Amino acid sequence: MDALDGMSSRKTTRPTCEQFRHSFEEYDHIVNVLRASTGHRPSLAIICGSGLGGLADLLTDTDSIEYDDIPFFPISTVHGHVGRLVFGMLNEVSVVCMQGRFHFYEGWAMQNIAIPVRVFKLLGVQTIIVTNASGAVNPDYKVGDIMLIKDHINLPGMIGANPLMGLNDARWGPRFPALSLAYDRQLLQLARKVALGIGFGEDLREGVYMMVSGPTFETVAEARAGRILGADCMGMSTAPEVIVAKHCGMRVLGISLITNIIIQQYDRDDEPNHQEVLMIGQQRAANMQLLVAEVVKQIGHQA
Ligand SMILES: O=P(O)(O)O[C@H]1O[C@H](CO)[C@@H](O)[C@H]1O
């Protein structure tokens, strides 16, 4: 009898694997709040990386909504990430821009980092452009290069921190989504063509982004390991957003700005820092804006 009593009490007190997640209905509520705050109905979303918040300046006829004012949204805690959604028009396409993203190292659960992506899905967004600042481990890369992401290595995901962990709600997507086509090949081709057309040359790269959790920058051995595993650059974001976007059927374009070369030699005395990352973001802001604006224009023409 005692054993059975124990079982029944376990049943009533068992933890839920939904503790970090929001229900479909809660997402609906967020969307209703946003729709009441703006007349824009975006078909495309842009996530601004560190130092790249200026991408939102491309939008006209804007409505801005602070993350603080959006139910269930995390808040931005990192310098260089403002913390608001900007709705507006870009080359006749209705766009929502995330000016400030959420990172695993800030303490958010992987599931919560990508809340905005699912909100965008319910808002009607079909295409998402995910940008980031990253450090290069490919020895051919230079600071200021712009890398179109052809694939990623989600290091936290490979050891147990994937944003899709937990019960799967099939209204979002399948239990076991494939990621071999996570970065849309047509968009990649379009972005390459656009970039070459507007004058990018050797500073245009295509490569593999490795997500690490941060907030520490890499040790020399970690940087070397990243390269051996197949990374061209490393950063502390992007993979969770891309995974959730692909899971719910969005087309994804990823763009990394190379803000530093990750140190892979033991005889070096210099160290990376976030200020440098933000500074390179500012220096290359105009080029990133040009690229993104033109890609969005072409996507608009295709629609
Ligand atoms: O990935 P984003 O947000 O562009 O920022 C990158 O830059 C910061 C480090 O300087 C980290 O947050 C890293 O992920």
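Residues numbered from 1 in each chain as written. Predicted model: local features only at pLDDT ≥ 70, side-chain atom pairs only at ≥ 80, totals over all residues. Heavy atoms only, no water.

If you check an unreviewed UniProt entry, the protein appears there as Purine nucleoside phosphorylase from Ramazzottius varieornatus. As stated in UniProt under Pathway (unreviewed entry), the record for the protein gives "Purine metabolism; purine nucleoside salvage." According to UniProt, the comment filed for the protein under the heading Function (unreviewed entry) is "The purine nucleoside phosphorylases catalyze the phosphorolytic breakdown of the N-glycosidic bond in the beta-(deoxy)ribonucleoside molecules, with the formation of the corresponding free purine bases and pentose-1-phosphate." (UniProt positions renumbered as here; feature names shortened; annotations may be inferred.)

A.B. asks: Quick question: what am I supposed to make of the site of the ligand here?
C.D. replies: Taken together, the neighbourhood of the ligand is formed by 13 residues, with Ser-50, His-103, Tyr-105, Ser-237 and His-274 sitting nearest. Here an oxygen atom of the ligand and a side-chain polar atom of Arg-101 are 3.0 Å apart. Contact with the protein chains covers 96% of the free accessible surface of the ligand, which is 350 Å². Only strand E5 (127-136) and helix H9 (274-283) provide two or more residues apiece to the shell around the ligand. Residues that form the shell around the ligand fall into these classes: five nonpolar, seven polar and one charged. (Near = heavy atom within 4 Å. Polar contact = N/O pair within 3.5 Å; in protein donor to acceptor, adjacent residues only side chain to side chain. Areas by Shrake-Rupley, 256 points an atom, 1.4 Å probe, with all protein chains shown as cover. Helix = DSSP H or I, 4+ residues; strand = E, 2+ residues; numbered from the N terminus. Nonpolar A, V, L, I, M, F, W, Y, C, P; charged D, E, K, R; others polar.)

A.B. asks: Teacher, can you tell me more about the pairing of strand E3 (residues 84-90) here?
C.D. replies: Two faces, one strand: in a regular strand the side chains alternate between the faces of the sheet. Counting buried residues along E3, five of its seven residues qualify, which places the element largely inside the surrounding structure. Note: strand E2 (residues 60-66) against E3, five bridges, orientation antiparallel. Looking at the pairing, Ile-65 lines up with Leu-85 of E3. Alignment of E3 against strand E4 (residues 93-99), held across seven bridges, turns out to be antiparallel. The partner of Arg-84 across the bridge, within E4, is Gln-99. (Buried < 20%, exposed > 50% of the residue type's maximum accessible area, 1.4 Å probe, protein only. Pairing = 2+ DSSP bridges.)

A.B. asks: What exactly am I supposed to notice about the UniProt feature "binding site: a purine D-ribonucleoside" (unreviewed entry) in the protein here?
C.D. replies: Per the UniProt annotation, the sites labelled "binding site: a purine D-ribonucleoside" (unreviewed entry) are Glu-218 and Asn-260. These residues run over 43 residues, yet every pair of their C-alpha atoms falls within 11.9 Å of each other. Here Glu-218 shows up in the loop between strand E7 (204-211) and helix H7 (220-229). In contact with Glu-218, other than residues within four places in its own chain, are Val-212, Ala-223, Met-234 and Ile-262. A relative accessible area of 6% places Asn-260 in the buried class. Not counting the four nearest positions on each side in its chain, Asn-260 is found in contact with Ser-134, Gly-135, Ala-136, Val-143, Pro-272, Glu-276 and Val-277. (Contact = heavy atoms within 4.5 Å.)

A.B. asks: What's the story with the packing of aromatic side chains in this structure? I'm lost.
C.D. replies: Aromatic ring pairs: the centre-centre distance and the angle between the two ring planes describe each pair. Applying the stated criterion across every chain, the model contains six aromatic pairs. By the ring-pair criterion, three or more aromatic residues cluster together here, those being Tyr-67, Phe-73, Phe-102 and Trp-108. (Phe/Tyr/Trp six-rings, centres within 6.5 Å; stacked < 30°, edge-to-face > 60°.)

A.B. asks: Whenever I open this one, unusual backbone geometry confuses me. Can you help?
C.D. replies: A negative phi holds for most residues other than glycine; trans holds for most peptide bonds. With an omega of 5 degrees, the peptide bond between Gly-214 and Pro-215 qualifies as cis. By the element assignment, Pro-215 lies in the loop between E7 and H7. Non-glycine residue Glu-92 carries a positive phi angle of around 70 degrees. Structurally, Glu-92 can be placed in the loop between E3 and E4. The class for Glu-92 is exposed, based on a relative accessible area of 79%.

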